[in-house]
Amino acid sequence: MSTYIIRRLLYTIPIVFGVLLLTFVLFILVGGDISVEIAGKGATQETIDEIREEYGLNKPLFLSWDSQFINHFKNSLTFNFGRARDREPVIDKIKRGLGPSLALTVPIFFGVVIISVSLALVAAFVRGTVWDILAVVICVAGMSIPYLSFILFGQYFLAYRWGLFPVFFSPELRMAQYVALPVLIGIAAGLGRNLRFFRTVMLDEMRNDYVRTAFAKGLTVRRVLFKHVLKNAMIPIITRVVLAIPFLFLGSLLLERFFGIPGLGYLMAEAIGSRDYFVISAMTYISALLFVVFNLITDTCYSLVDPRISLE
Amino acid sequence: MSKSQQIIKTEPGSRLAGFLPKGTSLWKDGARRLRRRKLAMLCLGVIVLYFLLAGFIYLAEFFDWRIGPTLWAEQAGQSYAPPSAENILGTDIFGQSVLRKTLYGTKISITVALCASLISVAIGVPLGAVAGYFRGFVDEIIVWIYSTLSSVPYILLILAFAVVLRDRTLFGYKLTGITAVYLAIGLTSWVGICRLIRGEVIKHKDREYVLAAISYGCSRRRIIFRHLLPNVFHLVIIDFSLRFVAFIHAEVILSFLGLGEAERPSWGAMINDARIELARGVWWQMAAATAAIFFLSLALNIFGDALRDSLDPKLRIQ
């Protein structure tokens, strides 16, 4: 077990290296020198040179201990991402945005998982009936509506038209107030895809011999579903659930942008608008790090849930 | 199909004449199963309509025909006129017909999704086949590349590519509007198909037909591209149809964030406009774009599932 975890840890090194290489190629090689853009219109050569100096853009790209290539790796590994366009350190911005983002995405995450897994069990319970077919039809229809439409219509009808929720974020509101509607919309938008996936997982599991045996023994449907099927369906459920967690970090970019919630998604949307490579590069790196960590956790979870699994 | 049609016609005198059922290819078999599903065929019809519309708009622009969709820039009525007999879907802030803009948006969406799909297939399929066939060092490098790419959240990766590629000149060609969009989507989303093809090629590698090809002395290139790939190609088709939906939705999000087509109408830009309009009670632009996306995605979702069931019943929903 511990050997496995150590080997798995070592395997993350090339991945982190790869992500750093990717951000280097994207934002420094292809992105190029953006000091003129940062300095704005009509800036003097001195200002531009100062900016170049600050971001290290005047250094050689490779082949030097002080090259941009080495510095990019050094800075990223020590979480020193420099300053954003508005002079605030990037890492401070990210720390500040983390709270609101988590307040929004954690409820969405648990809401979607709990509701869709329990509905999937119900669908497996009534499989083949009109209700099951209806559930599938609603899922496919829900998957086909663009995410943006969910948000816009939800915001328009529930908040603006009927006044059930505040329309936008404002600092004096309590968290539960401004988060309620986005969470509701997030759950509604994510439900179709997940319910459909979990239903397939359950139905696949139902075809197994042990289920037939359990029914043959005369167990009730409820007992078979909850005691036997759910436990065995845990592997695909865990994969999907744990690997979805790092995506929480980004928050729901679109939700935050629409409701003006100052989280990480909002930060990202702003950075895209102002072409702030430093912020986008830092976000890419951190979310990839989180993904690697959670991937590790998933693999460890597998061996906990299913002792048969021996990892290569 | 009656029994007699299935009977093979072998040369007279053969003992088996009249007994063997006629063999069908994977594709014929799949097409037969697909044709039995009425709903899937209806969806195929819808998809074909969207494609024809996009193609027609290309033709009309090429020959400068003055018809509805190509005249989207013209003023069709007053600003924010609600739907009426004159303008079926109303008008936007500049008095442009929403119907024309929606129809024109089809061209943008289909172009982006098609180009992005082709790019991702062109990268993912050969890489996956090579990795699966050669294994060893080549395999490790390719797996490393796609593991790296897939460790960044998908939408973040597309956004990063789109931000960097936008308005950049590469090889003397300026990447404007939709070019940057489909490049960003295509360059980031070949991972899924690459992984799928690699796994399948590993499974097929030791089968008799590949061993036979090796014993004939076929070159490795010939084995991969003429023997292995045709046998796993149905996966590409299935993946293609299901991925198309994701690309259309990605284009909408990119346009909404201001990274998409700026000068011509697209569904994402229409939804972006609607953000301000909805508060004024102007719902028709929003509704038109949503409906256009909804019907295309619905048709693609249902058809893609049916296609998967027909071509490869063992494959599971992702």
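Quantities reported herein were computed from a predicted structural model and do not represent experimental measurements.

It is worth spelling out the overall build of chain A at this point. Summing up its helical and strand segments, chain A has 15 helices and 0 strands in all. Along the first, second and third principal axes, the C-alpha set of chain A runs to 85 × 60 × 30 Å. Going through the 312 residues of chain A one by one, you find that 34% of them count as buried.

This next bit is on the overall build of chain B. The number of helices and strands found in chain B is 12 helices and 2 strands. The N-to-C order of helical and strand elements in chain B reads α-α-α-α-α-α-β-β-α-α-α-α-α-α. Here the C-alpha coordinates of chain B stretch approximately 80 × 55 × 35 Å along the principal axes. With 318 residues in all, chain B has 44% of them scored as buried.

Residue and element names in this part refer to chain B. At a minimum axis separation of 11 Å, helix α9 (residues 208-216) and helix α10 (residues 220-256) run at an interaxial angle of 145°. Handedness of the crossing formed by α9 with α10: right-handed. Contact residues: Tyr209, Val210, Ala213 and Ile214 in α9; Ile223, His227 and Leu228 in α10. Within the contact of α9 with α10, the residues separate by chemical class into 6 nonpolar, 1 polar and no charged.

Contact residues are listed per partner, giving 36 residues for chain B and 40 residues for chain A. For the side of chain B that touches chain A, the element with the most residues is helix α12 (residues 284-311) of chain B, which contributes 8 residues. Of the residues belonging to the side of chain B that touches chain A, the class tally is 25 nonpolar, 8 polar and 3 charged.

All names here are of chain A. Domain annotation for chain A reports domain 1 (2-77) and domain 2 (97-305). Each of domain 1 and domain 2 has a C-alpha centre, and these two points are 34 Å apart. Listed by partner, the interface residues are 13 residues for domain 1 and 11 residues for domain 2. The biggest single contributor to the side of domain 1 that touches domain 2 is helix α1 (residues 2-30), with 9 residues. Class assignment of the residues belonging to the side of domain 1 that touches domain 2 gives a composition of 7 nonpolar, 4 polar and 2 charged.

Attention now moves to the nonpolar core. In this structure, Ala162, Val181, Ile271 and Phe303 of chain B are the most contacted members of the largest nonpolar core, which totals 138 residues. The greatest single-element share of this core, amounting to 15 residues, is contributed by helix α4 (residues 98-134) of chain B. Of the domains in this structure, domain 1 (2-77) and domain 2 (97-305) of chain A are the two that each give at least three residues to this core. For isoleucine 271 of chain B, the contacting residues outside a window of four places in its chain are Leu148, Ser149 and Leu152 of chain A together with Val252, Phe256, Met286 and Ala289 of chain B. Grouped together as the second largest cluster of nonpolar side chains are 16 residues, Ala123, Leu195, Met202 and Val224 of chain A included.

So, on to unusual backbone geometry. A positive phi angle is found at arginine 275 of chain A, which is not glycine, with a value near 50°. Arginine 275 of chain A gets classed as partly exposed once you count the C-beta atoms within 10 Å, which come to 17. Even without being glycine, arginine 135 of chain B reaches a positive phi, approximately 50°. Position of arginine 135 of chain B relative to the elements: it lies in the loop between α4 and α5 (136-150).

All right, on to helix α6 (residues 130-144) of chain A then. Taking 1.5 Å per residue, 15 residues should reach 21 Å; α6 of chain A reaches 21 Å between its end C-alpha atoms and fits that length. Within α6 of chain A, the full set of buried residues consists of Ala135, Cys139, Met143 and Ser144 of chain A. Considering only its buried residues, α6 of chain A is in contact with α5 (90-125) and α8 (175-206) of chain A together with α12 of chain B.

When two helices pack together, their arrangement is given by the angle between the helix axes and by the axis-to-axis distance. Running from amino to carboxyl end, helix α7 (residues 147-161) of chain A crosses helix α11 (residues 267-277) of chain B at an angle of 10°, the nearest separation of the two axes being 11 Å. In terms of orientation, α7 of chain A and α11 of chain B fall into the roughly parallel class. Within the contact between the two elements, α7 of chain A uses Leu148, Ser149 and Leu152 of chain A and α11 of chain B uses Ile271, Ala274 and Arg275 of chain B. Grouping the constituent residues of the contact of α7 of chain A with α11 of chain B by class yields 4 nonpolar, 1 polar and 1 charged.

Averaged over every residue, the pLDDT of chain A is 82; the share at 70 or more is 96%. Looking at the elements of chain A, mean pLDDT is at its lowest for helix α12 (residues 246-249) of chain A, recorded as 68, and at its highest for helix α9 (residues 209-216) of chain A, recorded as 90.

As a further point, take the confidence of the model for chain B. Per-chain confidence: chain B averages 82 in pLDDT, with 90% of residues scoring 70 or above. Complex prediction metrics read pTM 0.83 and ipTM 0.83.

We now examine the environment of alanine 189 of chain A. Residues and elements named next belong to chain A. Take alanine 189: it is sitting in helix α8. Given 24 C-beta atoms within 10 Å, alanine 189 falls into the buried group. Considered as a pair, alanine 189 and serine 149 are 40 residues apart in the sequence and their alpha carbons are 9.6 Å apart.

Criteria and cut-off values
Residues numbered from 1 in each chain as written. Chains lettered and ligands numbered in written order. Predicted model: local features only at pLDDT ≥ 70, side-chain atom pairs only at ≥ 80, totals over all residues. Helix = DSSP H or I, 4+ residues; strand = E, 2+ residues; numbered from the N terminus. Buried ≥ 20, exposed ≤ 12 C-beta atoms within 10 Å, placed from the backbone. Axes fitted to C-alpha atoms, helices over the stretch in contact; angles between N-to-C directions. Left-handed = near helix turned anticlockwise from the far one by under 90°. Contact = placed C-beta atoms within 7 Å. Nonpolar A, V, L, I, M, F, W, Y, C, P; charged D, E, K, R; others polar. Domains from an automatic or database assignment. Core = buried A, V, L, I, M, F, W, Y, C linked by C-beta atoms within 7 Å. Expected span 1.5 Å × (residues − 1). Parallel < 35°, antiparallel > 145°, perpendicular 65-115°, else oblique. pLDDT = per-residue confidence, 0-100.

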